[in-house]
Every structure is written in C-alpha cells, then in structure tokens.
Number of protein chains: 2
Amino acid sequence: MTDFDRLSLNTRTTESWTLREAVEGAAAAGLPAVGLWRDRLAEAGIDEAVKILHDNAIRVSSLCRGGFLTDHDDAALDDNRRALDEAAAVGAPELIIVAGGMPDRDLRSARQRLADRIAELVPHAAERGVRLALEPLHPMYCADRAVISTLGQALALAAPHPAANVGVVVDAFHVWWDPDVADQIAEAGRQGRISSYQVCDWLVPIAADPLLSRGMMGDGVIDFGPLTEQVTAAGYRGDIEVEIFNREIWDADPATVVETMKRRYRDLVLPGLAVGA
Amino acid sequence: MTDFDRLSLNTRTTESWTLREAVEGAAAAGLPAVGLWRDRLAEAGIDEAVKILHDNAIRVSSLCRGGFLTDHDDAALDDNRRALDEAAAVGAPELIIVAGGMPDRDLRSARQRLADRIAELVPHAAERGVRLALEPLHPMYCADRAVISTLGQALALAAPHPAANVGVVVDAFHVWWDPDVADQIAEAGRQGRISSYQVCDWLVPIAADPLLSRGMMGDGVIDFGPLTEQVTAAGYRGDIEVEIFNREIWDADPATVVETMKRRYRDLVLPGLAVGA
C-alpha cells in the first residue's frame, strides 16, 4: 500500500496528453488508475486503449461521460448506450452522467425527462455491469449543463433503481457549499450508492469562463478534510479522481501537474482517509 | 389598484440615479416603492431622504443591506445596528442581510458565527421594529459573499427567533435552481417569514464578473410563473423588488430601464400574483 493507491488521474487534468501519454504518465507517477474521457478513448480506439491500460497495469476508475438527457427528443439515449458499452469494454465500473441543462425555461419538465431517461438506460447499464453515476453539478451550471444540483436530488433520482445500477458522484467542487452535504453523503453511503469521489478546488474569484474555474487542491477555499472524512465514514473505498478544468494547469507541463497533484493529495486529502475509516 | 401597486424599484437597478432621481423616477413611473441601498441614503442624508420619500409618496420596501457577519471579529455588529436605525428612520420594514463569505476555509464555523451574530442583533431589530431579512445567495457566492446558500438554510437560521424579527428573502435569481424551493417557500409562508420577494433573471452564459450577471426579467432562463405563484400561495402580499446588477442596464437610460422593467413585470410576474392568490 502506498499513499497513492487510490489516486486516479482524470484525463482532463492533463488536457494536452493523449490517452497513451496519460496512462503512461500515471504509471510513471505510481498511480493505479485513470478517469477516462470518451474523446481520448475515441482517438486511441478501444482495442488500443485496452492494450495500453493492460500494458501499464492501470485501471479505469470511471468513464466520462454520458448524460445530456434533458432535450425534448430522446436522441441522446443511443449515445448513452454506446457510452455504457465503452465503459464495459475498458473495465470502467462507473459511467459519469452529466444530466444536461434546460432546453427551455421549464426546469421541472427537464428534470422529469431526465428521470424518465435514466429509467430507460438502467436495463442496458445492468446488462453491461456498468453503473450510471449521477453527478450533481454546482447550481451555477443548472441552466446550461446539469439540472442535478445537489447530492440530495441525485439520491432522489437514483432511489427508484437498484444501488448496483445507479449511483451518485461526490465531487468536492460541486457540493462543498451545500449545508446538507454531510447528511447526504452519509445517506448515499447507507444506500451503497457512492460511485466516485472527486477532488479539486473552488477558486475565488470564479474564472471568467466558469467551466474553467476548477483549481488544484489547496489553491481555493475547500477544506478537503471534512468531506474526505465523511465520504470515508460513509464506507467509500474506491478511487479518488482529480479532474481539473483550468487554462493555467492545461498550459503547464503535464508531468509537473501530476507531481503537484500527488503532493497536494497527500497533504490535503490523504489524512481524511485515515480519520474517516 | 394598478398593475404596479406592488412593484418596487431597487436603487441598484438604476445605478446612475441619485436617491432623489430614483424616488422621483419611481413616482413618475407610477410605482409605489423603492428598495434603498445605504450608499444612496448616505449621499442624500436621512432627513433629506425622508423628505424626498414623503414628498413623492414613495414607501421603502427594504433597506439594503446589513450583514457581512462572518469575520473572526464582531466589528460588523455596530454597523448592522446602525443599519437597523437607518431602516427604522426611513420606514423600511425589512433590513436585507447578506451573510458574508468565508474568511478562511472553515465554512461550518463561518455559518456558526453568523448564527451567533444574528442572535445578537435580534433585540435591536425588535426595538427598532425592523426585521432582519436573511437572504440566501446563489451558491456561487458562498465563498466570498454569503454563506447562506439555500432558502432551507435561511429558515433554519431564522428558526430560533420570532417571525416578526427574522425573516427570509426569496430572490428568484438566487433560488430558482433549488429542487426544494417550492417546499421551502411554502414553509416560509407557514411561518410568516417571507420578508421580500425579488425578481431578476439568470443570464446564460454567466457574466465574466458573476456579480453583474443579473438580467432583466425575460432576458434569461427563469420561469417567474411558478415562483410567483408559490410565493403568493404562501401568503406573501408585500412589495416585489427588481434589483439588477448588470453593466449594460447600468449604462442604459434609467427611465427607459424602468419602463422595460414595468413591461416585463406586467408580462412575466403579474400573472402569477393572480394565479397564486
């Protein structure tokens, strides 16, 4: 066991790396896993990706991403089924679901369509042995990206389905502000639904492009101690992904970014894993 | 009774107007009320402001603002007591409280200090006959502006105190995304704690400066129908303030902004007042 045996590099953190570079970079850094985005997977091809992962003994903590299930038509369902197939092919146990935003001003209906389409995807998810990991995104993304805004809401959406098929993502960046987050993490744990724990920081001020406002742990305002302890106390023992969208980090040398990530993880996240266990 | 007998012009919407210009502009537009900011009040002086309001038969729906109660020292308490005095002097029944952000990474302690200081202010609020109107701000402002992030949390903070002394603000911009908002509005109504209903729109994309991302009703994604019906069904019969921080609107002719505001209010907000009653 090392300090990093649960630390997973999401491929968006090292945006300029190919899949091969990311997997080899993770292996060189002593990491056990990557969080894969489908664009990198498509570039490499699934067979080649599987070979690269195998050759480097790197597992896939999750595949990013399915979702965008809120449109008026259900054209996205086929793509989500393909995403489940891809996740199964690369051995990813979880498919991250980013809900999708509002095609019009009717938020309630968008949320209902999402619920209906999750139900339509569950049989395929069960067949592939891949869990739909519902990710609440920060409420500032509700309009244009994800109508799931809290962990409590994600749990309510998951409730009709077996925990083996529908889980929830705890991404510190998205949920740190929520006055109810501790209770919701505990409840997600009781239900066996924590699909993924992801860490990156909330920067102040918010970046002009809010999508690129995620920061390296320690560069923002999030105290990772309590969240990490809560997730651990809730029974989560899976990988911890670092997924950072940030222009400065993308422009930096990826291997250096990985080293910084390891150091910050060891200092700011790792202690909570021991306390919460 | 006119279409506009509950419409209140917040002085920030017509940023370039002095207090006199705003009050006279509201009166000329047939509005009954303004929401006053303390900077405009300080410029005019309280006696002069009271005279201007009286001469124009304009009431003050609320005074903006007290708050910023989360620092490690309690230096802000004196200023909040002065704000309560000022609210009483101009006949504002509600003092809007913007909680304040996080002086460090300890969000839980910041929220506790806030709760403690609200308790310290309640006697002075009661003495002055002015209610502390706790305003949940959108979670994107949690770090640097307001650690009250949901209406439910505002109600929990208000709970130890009489409804006559501590209320909550329902600002569409801040709460529209919340999956629990309908229940929370109903609960706020049951408790008699709705201090203010404020409307402006959520723009997509968010402005590069998130503080200036508030839009004129109709320019963004909020459906004001359901929220207005819920607030009305919850028993709220007070003024409805329009408070817009937006560079383009600030650069436009204020009288034209007021006319646009009236038209959008009539088309998008007013119908909900009838349905919900």
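Thresholds, definitions, all that
- Residues numbered from 1 in each chain as written.
- Chains lettered and ligands numbered in written order.
- Predicted model: local features only at pLDDT ≥ 70, side-chain atom pairs only at ≥ 80, totals over all residues.
- Heavy atoms only, no water.
- Helix = DSSP H or I, 4+ residues; strand = E, 2+ residues; numbered from the N terminus.
- Rg over C-alpha atoms; globule rule 2.2 N^0.38 Å.
- Buried < 20%, exposed > 50% of the residue type's maximum accessible area, 1.4 Å probe, protein only.
- Contact = heavy atoms within 4.5 Å.
- Areas by Shrake-Rupley, 256 points an atom, 1.4 Å probe, with all protein chains shown as cover.
- Least-squares fit on C-alpha atoms with pLDDT ≥ 70 in both.
- Salt bridge = Lys/Arg side-chain N within 4 Å of Asp/Glu carboxyl O.
- Buried area = accessible area lost by both parts, 1.4 Å probe.
- Core = buried A, V, L, I, M, F, W, Y, C linked by side-chain atoms within 4.5 Å.
- 1 Å grid on protein atoms, 1.4 Å probe; cavity = no way out; pocket = protein on both sides within 12 Å on 5 of 7 lines; lining within 4 Å.
- Points joined across faces, edges and corners; volume = space filled by probe spheres on them.
- Nonpolar A, V, L, I, M, F, W, Y, C, P; charged D, E, K, R; others polar.
- Patch = residues over 30% accessible without salt bridge, like charges linked within 9 Å, V, L, I, M, F, W, Y side chains within 5 Å.
- Lys, Arg positive; Asp, Glu negative; His and termini not counted.
- Charge placed at Lys NZ, Arg CZ, Asp CG, Glu CD.
- Phe/Tyr/Trp six-rings, centres within 6.5 Å; stacked < 30°, edge-to-face > 60°.
- Lys NZ or Arg CZ within 6 Å of the ring centre and 35° of its normal.
- Polar contact = N/O pair within 3.5 Å; in protein donor to acceptor, adjacent residues only side chain to side chain.

The name that an unreviewed UniProt entry assigns to chain A is Sugar phosphate isomerase/epimerase family protein, with the source organism given as Tsukamurella strandjordii.

Asks: When you look at the overall build of chain A in this model, what are you seeing that I'm missing?
Replies: In terms of regular secondary structure, chain A is built from 11 helices and 10 strands. Taken over C-alpha atoms, the radius of gyration comes to 17 Å for chain A, in line with the 19 Å a tight globule of 277 residues would show. Each principal axis of the C-alpha distribution contributes one length, and for chain A these read about 45 × 45 × 40 Å. Per-residue burial over chain A gives 60% buried out of 277 residues. Considering only contacts in chain A between residues 6 or more positions apart, those separated by 24 or more positions represent 80%. Accessible surface, chain A: about 10100 Å² in total, of which carbon and sulfur atoms supply 50%.

Asks: How should I be thinking about the relation of the copies chain B and chain A in this particular structure?
Replies: These two copies of the chain differ by a rotation about an axis and a displacement along the same axis. With an RMSD of 0.0 Å, the operation that places chain B on chain A is a rotation of 180° combined with a shift of 0.0 Å along the axis. What we have between these two chains is a two-fold relation. In terms of C-alpha distance to the rotation axis, chain B has Ala-208 of chain B as its closest residue, with the C-alpha 2.1 Å off the axis. When the interface residues of chain B are mapped onto chain A, 100% of them again lie at the interface, so the same face is used by both copies.

Asks: What's the story with the pattern of salt bridges in this structure? I'm lost.
Replies: Oppositely charged side chains can pair when the atoms bearing their charge come close. One pass over the structure, following the stated rule, counts 40 salt bridges over all chains. For Asp-79 of chain A, the salt bridge goes to Arg-38 of chain A, with nearest N and O atoms at 3.0 Å. On the criterion of sequence distance, the pair formed by Asp-79 of chain A in helix H4 (residues 76–90) and Arg-38 of chain A in helix H2 (residues 38–44) is long-range, its members being 41 residues apart. Of the residues examined, Asp-79 of chain A reaches a relative accessible area of 31% and is grouped as partly exposed. Residue Arg-38 of chain A is classed as buried on the basis of its relative accessible area, which comes to 16%. In this structure, Glu-15 of chain B and Arg-12 of chain B form a salt bridge, with 2.9 Å as the shortest nitrogen-oxygen distance. Residue classification places Glu-15 of chain B among the partly exposed residues on the basis of a relative accessible area of 22%. Residue classification places Arg-12 of chain B among the buried positions, given a relative accessible area of 15%. Each of the salt bridges in this network shares a partner with another, and the network as a whole consists of Arg-38, Asp-79, Arg-82 and Glu-86 of chain A.

Asks: Where do I start with the interface of chain B and chain A in this structure?
Replies: Many authors give the size of an interface as the accessible area that is lost as the parts come together. Listed as interface residues are 29 residues of chain B and, on the opposing side, 29 residues of chain A. When the two sides are added together, the surface that chain B and chain A hide from each other amounts to roughly 2200 Å², 66% of it contributed by carbon and sulfur. Its largest share of buried area at the contact with chain A, chain B owes to Arg-105, Trp-176 and Trp-177 of chain B, together 24% of the area lost on that side. Where chain B touches chain A, the interface holds zero salt bridges.

Asks: Just checking my understanding: could you explain the nonpolar core for this structure?
Replies: If you look at soluble globular proteins, the nonpolar side chains tend to sit buried side by side. Residues Leu-132, Trp-176 and Trp-202 of chain A together with Leu-132, Trp-176 and Trp-202 of chain B are the most contacted members of the largest nonpolar core, which totals 181 residues. Other than its neighbours up to four places away in sequence, Leu-132 of chain A contacts Leu-84, Leu-95, Ile-97, Ile-118, Leu-121, Val-122, Ala-125, Asn-165, Val-166 and Gly-167 of chain A.

Asks: What exactly am I supposed to notice about empty space enclosed by the protein here?
Replies: Rolling a probe over the atoms, with the probe sized like a water molecule, indicates the empty space that remains. All names here are of chain A. Under the criterion given, the structure shown has one cavity of 30 Å³ or more. The calculated volume of the largest cavity comes to roughly 190 Å³. Taken together, 15 residues form the lining of the largest cavity, with Leu-137, His-174, Arg-214, Glu-243 and Phe-245 sitting closest to its centre. Going through the elements one at a time, strand E3 (59–67), strand E4 (94–98) and helix H7 (172–175) are the ones with two or more residues in the lining of the largest cavity. Per-class residue counts for the lining of the largest cavity are nine nonpolar, one polar and five charged.

Asks: Help me understand a negative patch on the surface in this model?
Replies: Residues and elements named next belong to chain A. On the surface, Asp-71, Asp-73, Asp-74, Asp-116 and Glu-120 cluster together into a negatively charged patch. Within the secondary structure, Asp-71 sits in the loop between E3 and H4. Judged by its relative accessible area of 41%, Asp-71 is partly exposed.

Asks: Please explain the packing of aromatic side chains as it appears in this structure.
Replies: For any pair of aromatic rings, the description rests on two quantities: the centre-to-centre distance and the angle between the ring planes. Within this structure, the stated rule accounts for 11 aromatic pairs over all chains. Ring geometry for Phe-173 of chain A against Trp-202 of chain A: centres 4.9 Å apart, planes inclined by 35°, an arrangement best described as tilted. Of this pair, Phe-173 of chain A sits in helix H7 while Trp-202 of chain A sits in strand E8 (residues 201–202), and the two are 29 residues apart along the sequence. For Trp-202 of chain A, a relative accessible area of 1% puts it in the buried group. Taking 6.2 Å as the distance between ring centres and 40° as the angle between the ring planes, the aromatic pair formed by Phe-4 of chain B and Tyr-265 of chain B counts as tilted. Of this pair, Phe-4 of chain B sits in the segment before strand E1 (7–10) while Tyr-265 of chain B sits in helix H11 (residues 254–276), and the two are 261 residues apart along the sequence. Residues Phe-4 of chain B and Tyr-265 of chain B agree in their burial class; the two are buried. Grouped by ring-pair contacts, the aromatic residues Trp-37, Phe-245 and Trp-250 of chain A constitute a single cluster. A cation over a ring is seen here: Lys-262 of chain A above Phe-4 of chain A, with NZ or CZ 4.8 Å from the ring centre.

Asks: Help me understand unusual backbone geometry, please; the structure alone is not making it clear to me.
Replies: The phi torsion of most residues other than glycine is negative, and most of the peptide bonds are trans. All names here are of chain A. The omega torsion of the bond from Val-204 to Pro-205 falls at 0°, within 30 degrees of zero and hence cis. Structurally, Pro-205 can be placed in the loop between E8 and strand E9 (214–215). Positive phi, close to 55°, is recorded for Ala-57, a residue that is not glycine. By secondary structure assignment, the location of Ala-57 is in the loop between helix H3 (46–55) and E3.

Asks: Help me understand the environment of Arg-264 of chain A, please; the structure alone is not making it clear to me.
Replies: Residue and element names in this part refer to chain A. Residue position: Arg-264 is located in helix H11 (residues 254–276). In this structure Arg-264 comes out as partly exposed when scored by relative accessible area, which is 22%. In this structure the C-alpha to C-alpha distance between Arg-264 and Asp-219, which are 45 residues apart in sequence, comes to 9.6 Å. Discounting chain neighbours no more than four positions away, the residues touching Arg-264 are Met-216, Met-217, Gly-218, Asp-219 and Val-269. A distance of 2.9 Å separates polar atoms of two side chains, one belonging to Arg-264 and the other to Asp-219.

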